[in-house]
Every structure is written in structure tokens, then in C-alpha cells.
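# Observations on the three-dimensional arrangement
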There are 2 protein chains.
Amino acid sequence: MSRTEVELVEAANTTFYETMERGDFDELSSLWLDEGISCIHPGWPVLSGRGEVLRSYALIMANTEYIQFFLTDVKVSLAGDTALVTCTENILSGGPAEESGELGPLVGQLVVATNVFRRTSDGWKMWSHHGSPVLAESDEEEDDETPS
Amino acid sequence: MSRTEVELVEAANTTFYETMERGDFDELSSLWLDEGISCIHPGWPVLSGRGEVLRSYALIMANTEYIQFFLTDVKVSLAGDTALVTCTENILSGGPAEESGELGPLVGQLVVATNVFRRTSDGWKMWSHHGSPVLAESDEEEDDETPS
């Protein structure tokens, strides 16, 4: 596995979140593959194709005044021209201002994501994003119901 | 895109769910790649590597008396040796019997999944599974807050 290639994938993954933070819809559009893409936002159904996926980001950006992602546990798995990235998104976000010049209330959210990238002649492009809410710690599965 | 190849991927995806329905841990283990795998169950944090991933399935199988998946909206996107499958899992499941010979109460659940497969000399193997609860219909995002 090429170290440099992993770094390029990590950079593409970071760029995805920084573009969301800046609310730059045009750049976000350029980060995705031309076809075959899919996206699942936390709690949402599946969105398929550039039309549905990009429209969802336009809606999210229109309703988000402020958003910041603190990424942890970023892991990259490379195979051929595909890269699979998992990470934890520690999100701080706020809706549109309730009064002129003020942010809406800030909300913290814990989301885990699987991001799939394809290597193209124009760099690593997003093929799939799937984010989901973390509802419980993994330790909680270790209960006493396991048959002995 | 080869029609036959898409059918093989669909078959691998179906086999994954049928193996879960049968609770066949050994076959489930054989469906995953040897390395680089990740898995996110609905509401769970990221699990990485065969140790964590397969242990989670052993725990789930031990605590699931009955599970049936009705798959809808299965979509396959192929690129090189990687296949990306999205689908909706309409799940009916029940925990261990509360009295001898009886099932626990059956629970319905709506989950959307992104499954990533790699082509190997031994057929299509799972690289990643990410399932998440559907909390709202996509129509609900079309509110009136979008700036005109």
C-alpha cells in the first residue's frame, strides 16, 4: 500500500468536510464522481445519482448557518483504484439566525461515516458517503444475554 | 458494465442477508475479505478488522432468535474490481424466547445500507457494511426554510 496514496485519500476526505464547513456548493459538486454515486445522511433514506445527492446538499447548506467537523479515528483501506475511509464526525452546527446577526442554537452531534473514493485522472473523487448517528457505545452490547 | 457481473454482485448481496437469516456464523465469516474490512451496525460506532466485525456478528446472532430481511431498492454501481450496493432492509426480528418454545416479541425496523464488495479469485467478498436507521422521510426536508 503506497503511503503517498493513503495521504492523498486522507486529503480528499478532509477537503470534503472543509468544503461543507465553507458551504461551497460548486466545489462540493466537483468532488463527486459523474455517475453511480450514492449518499445517505444520518437518519435519511438512500439518495442516488448526482441530481438527488447534490440537491440534498443544497438544502442542507441553505438550512445550516454554521457547521464544523472535528474528525477522529480516520482509517483508510486502499484496494486498486478504490479507497474506503471510515471516520467519526464530531459535529457542531447551528441553524439560520433567529434574529438578525445571531446564530441559531448550536447543536453537537456524533456521526460515523463510511466514505468511498475512486481514483480518477483528476484525483480521488467521492463515490459514496454514508453517515449515521451513534446511538449507543459498543460496550453496551456486552450484556449477560449471551448463552453460556 | 457487464450484466452478468451485476447479477453476481446482487447474488453476493442476497447471500449476505440469507446467511444472517440462517444465523450461519461460519459462512458469514467466509463472505468477508481477509483484511481492511469495516462494519457499522445501525446506531453503532465503527468496527474495523475481522476481529471486531465478526465478534459483533457473533453477539448479534446470539441475541437474535429470528430475523428476516425484505430487501427493496437494491442498486448496484460497478467500477473495476469494486461494487457498491445500496439497499433498504425491511427487517422483522425477534429476541430469544421468553418462555420455552416461544419467540420474543417481533420488531419491525427500517434500515438503509451501503455494502461494498471486492472481486477476488473466490468471487465477490464484502469489504464494508454500513447500516443506519431511517428516521424521517426524505420529503420532510422540503420545508419552507429554503431562502427564496
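Residues numbered from 1 in each chain as written. Chains lettered and ligands numbered in written order. Predicted model: local features only at pLDDT ≥ 70, side-chain atom pairs only at ≥ 80, totals over all residues. Heavy atoms only, no water.

### Quick look at the pattern of salt bridges
In a structure, side chains of opposite charge can pair up when their charged atoms sit close to one another. For the structure on display, the rule yields 8 salt bridges over all chains. We note a salt bridge from Glu5(B) to Arg119(B), for which the minimum N-O separation is 2.9 Å. Of this pair, Glu5(B) sits in helix α1 (residues 3-22) while Arg119(B) sits in strand β5 (residues 106-120); the two residues are 114 residues apart in sequence, bridging distant segments of the chain. Judged by its relative accessible area of 16%, Glu5(B) is buried. Arg22(B) is paired through a salt bridge with Glu27(B); the nearest N and O atoms lie 2.5 Å apart. Taking relative accessible area as the criterion, Glu27(B) reaches 25% and is therefore assigned partly exposed. Taken together, the shared-partner salt bridges in this structure form one network comprising Glu5(A), Asp81(A) and Arg119(A). (Salt bridge = Lys/Arg side-chain N within 4 Å of Asp/Glu carboxyl O. Helix = DSSP H or I, 4+ residues; strand = E, 2+ residues; numbered from the N terminus. Buried < 20%, exposed > 50% of the residue type's maximum accessible area, 1.4 Å probe, protein only.)

### Quick word on the sheet that holds strand β1 (residues 38-40) of chain B
Residues and elements named next belong to chain B. The sheet built from 6 strands is open, its strands ordered β2-β1-β6-β5-β4-β3 with mixed pairing. One side of each edge strand has no neighbouring strand; the edge strands of this open sheet are β2 (47-48) and β3 (66-79). Note: strand β4 (residues 82-94) against β5, 13 bridges, orientation antiparallel. Looking at the pairing, Thr-86 lines up with Thr-114 of β5. (Pairing = 2+ DSSP bridges.)

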